[in-house]
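An overview of the molecular structure
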Amino acid sequence: MTKLVVIIGITGNQGGSVASTFLRDPAWRIRGLTRHPSSTASRALTAEGIEMVHADLHKPSTLNNVFKGASLVFSVTDFWKPFFTPANQEKAKELGKSIGRYAYELEVDQGKNIVDAVAKETAGLDDVGFVASTLCHAGKSSEGRYQELWHFDAKADIFPGYLKETYPELARKTSFLHTGYFFTSWGYMPGRWFAKQPDGSIQMQFPTRPDVLIPHLNPRTDVGPFVRALLQLPPQSTLMAASEWCTWPEWMKTWGEVTGVRTSYKQVSVEDFDKEVPGGAGKEIGEMYEFSSEYGYNANQANTLKTWDLEKMGIKIPTMSLREYFEAEDWIAAGILPY
Ligand SMILES: NC(=O)c1ccc[n+]([C@@H]2O[C@H](COP(=O)([O-])OP(=O)(O)OC[C@H]3O[C@@H](n4cnc5c(N)ncnc54)[C@H](OP(=O)(O)O)[C@@H]3O)[C@@H](O)[C@H]2O)c1
């Protein structure tokens, strides 16, 4: 008898990686949730043998039966698409809130609806039966210094906050995956990752100190292997999903070696960073970079396992290196090169 894994966000980066991992294991069958079962992405997943089911994380009635029969649920919530959706920006204005605060509320709504629905199926879940993609609580970790890292706090307020307070039995079957900076995030603000300099070189400009080690993640290939690893650990584990740890100057140096471009790194202030980022996200993203300098990306939470802790337990997670990713990416098609 195959076991059922239900994957939220299956048409996206993280959920897609989890699907690829479980597709290779005949012991599992997959149900994927989507708002658009007839989209191209959904149809491609159906063609691979995945049961694609309609669900909208903002509509609890659509979540009533979708977790039935599951041994495992993987969840991810979304912040940035709601943040950049013009209708939400309008709505936030109407409500007299910042778009960050409003997108926080939307992400919290998604998370609560997921937890409420999965909790009804707690009895059928495996001992590690719920894996939630989340981040640390920047507000609490910084004792209030960072109060507007909404996309961190929204995740942490639910996973583990609301989950533990409301459904202790489900919380006992849950493990948490903290996801590192995506290899692919340069696409959102190439001007700060690859600032073209008059002398022909390219400079990365972030508010992070140049000596701080950062967890970097290929979300499209490596989230699945990290979820598999969590299944080999006791429930209630927290694992940092990082394909590679390096400083931002090291990230840039490797990119320069692969592309043959001279590179440098400059630490800038959040204010300077904000000026160059379109769409009103600059302050929050800039503070995220600064927060990872001051407190560590996941606030150096003592209970968080890292890849090297797992290696000591004999668990080796197959990941893609930054160099491999840089070599595979088409920097010309992306408009970054030639310069
Ligand atoms: N960029 C980074 O460096 C970084 C680092 C760590 C964490 N993160 C976090 O990663 C998260 C995004 O993850 P991702 O990149 O894997 O997602 P993604 O590729 O942007 O895809 C979003 C997924 O969520 C689903 N989804 C969104 N809203 C939904 C709704 N209302 N109901 C049902 N499904 C919904 C979408 O499904 P359908 O469209 O098919 O319905 C899609 O599968 C964000 O919260 C972000 O903060 C990002």
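Everything numeric here is computed off the predicted structure, so don't read it as measured data.

What to know about the overall build of the chain
Each helix and strand in the chain was counted, giving 15 helices and 14 strands. Relative to the globule expectation of 20 Å for 339 residues, the C-alpha radius of gyration of the chain, 20 Å, shows essentially globular dimensions. Projected onto the principal axes, the alpha-carbon positions of the chain cover approximately 60 × 50 × 40 Å. Out of the 339 residues belonging to the chain, those deemed buried represent 43%. Once local pairs closer than 6 in sequence are excluded, the contacts in the chain between residues at least 24 apart make up 74%.

Describing the site of the ligand
Taken together, 28 residues lie around the ligand, and Gly12, Gln14, Thr34, Arg35 and Phe182 are the ones closest in. Listing elements by their share of the shell around the ligand, those giving two or more residues are α1 (13-23), β2 (28-34), α3 (80-84) and β7 (181-182).

Comments concerning the packing of α1 against helix α10 (residues 219-231)
At a minimum axis separation of 7 Å, α1 and α10 run at an interaxial angle of 60 degrees. Taken as axis vectors, α1 and α10 run oblique relative to one another. Considering how the two elements wind past one another, α1 and α10 form a crossing that is right-handed. For the pair α1 and α10, the contacting residues are Asn13, Gln14, Gly16, Ser17, Val18, Ser20 and Thr21 in the first and Pro219, Arg220, Thr221, Asp222, Val223, Gly224, Pro225, Val227 and Arg228 in the second. By residue class, the composition of the contact of α1 with α10 is 5 nonpolar, 8 polar and 3 charged.

Side note on the nonpolar core
Among the nonpolar cores identified, the biggest contains 90 residues, and Ile7 and Phe74 are the most heavily contacted of them. Top element by residues in this core is helix α5 (residues 99-119). It accounts for 10 residues. Ignoring sequence-local partners within four residues, the contact set of Phe74 consists of Val5, Ile7, Ile8, Gly15, Val18, Val131 and Val227.

Describing the sheet that holds strand β13 (residues 263-267)
What the 3 strands build is an open sheet, ordered β8-β9-β13; its pairing is mixed. Looking at the sheet topology across the chains shown, the edges are occupied by β8 (195-196) and β13. Most of the contacts of helix α11 (residues 248-259) go to β13, to which it runs at about 160 degrees, and overall it touches β9 (202-206) and β13.

Quick word on α11
The α-helix advances 3.6 residues per turn, and as a result positions three or four apart in sequence lie on the same side. Under the 1.5 Å per step criterion, the end-to-end length of α11 is 17 Å for 12 residues, consistent within 8% with the ideal 16 Å. The inward-facing, buried residues of α11 contact β9, β10 (214-217), β12 (244-246), β13 and α15 (322-328). Gly260 occupies a position one or two residues after α11 and carries a positive phi of about 75 degrees.

Focus: the packing of α5 against helix α7 (residues 150-166)
Following both chains from N to C, one finds α5 and α7 inclined at 30 degrees, their axes separated by 9 Å at the closest point. The pairing of α5 with α7 is recorded here as roughly parallel in orientation. By crossing handedness, the relation of α5 to α7 is classed as right-handed. On α7, the residues that touch Gly100, Arg101, Ala103, Tyr104, Glu107, Val108, Gly111, Lys112 and Val115 of α5 are Trp150, His151, Asp153, Ala154, Lys155, Asp157, Ile158, Phe159, Tyr162, Leu163 and Thr166. Taken together, the residues of the contact of α5 with α7 sort by class into 10 nonpolar, 4 polar and 6 charged.

Considerations on the environment of Pro160
Secondary-structure assignment places Pro160 in helix α7. Distance from Pro160 to Ser175, taken between C-alpha atoms, is 9.2 Å for residues 15 residues apart in sequence. Residues in contact with Pro160, not counting those within four places in the same chain, are Ala171 and Phe176.

Rules of the game
Residues numbered from 1 in each chain as written. Predicted model: local features only at pLDDT ≥ 70, side-chain atom pairs only at ≥ 80, totals over all residues. Helix = DSSP H or I, 4+ residues; strand = E, 2+ residues; numbered from the N terminus. Rg over C-alpha atoms; globule rule 2.2 N^0.38 Å. Buried ≥ 20, exposed ≤ 12 C-beta atoms within 10 Å, placed from the backbone. Contact = placed C-beta atoms within 7 Å. Near = placed C-beta within 6 Å. Axes fitted to C-alpha atoms, helices over the stretch in contact; angles between N-to-C directions. Parallel < 35°, antiparallel > 145°, perpendicular 65-115°, else oblique. Left-handed = near helix turned anticlockwise from the far one by under 90°. Nonpolar A, V, L, I, M, F, W, Y, C, P; charged D, E, K, R; others polar. Core = buried A, V, L, I, M, F, W, Y, C linked by C-beta atoms within 7 Å. Pairing = 2+ DSSP bridges. Expected span 1.5 Å × (residues − 1).

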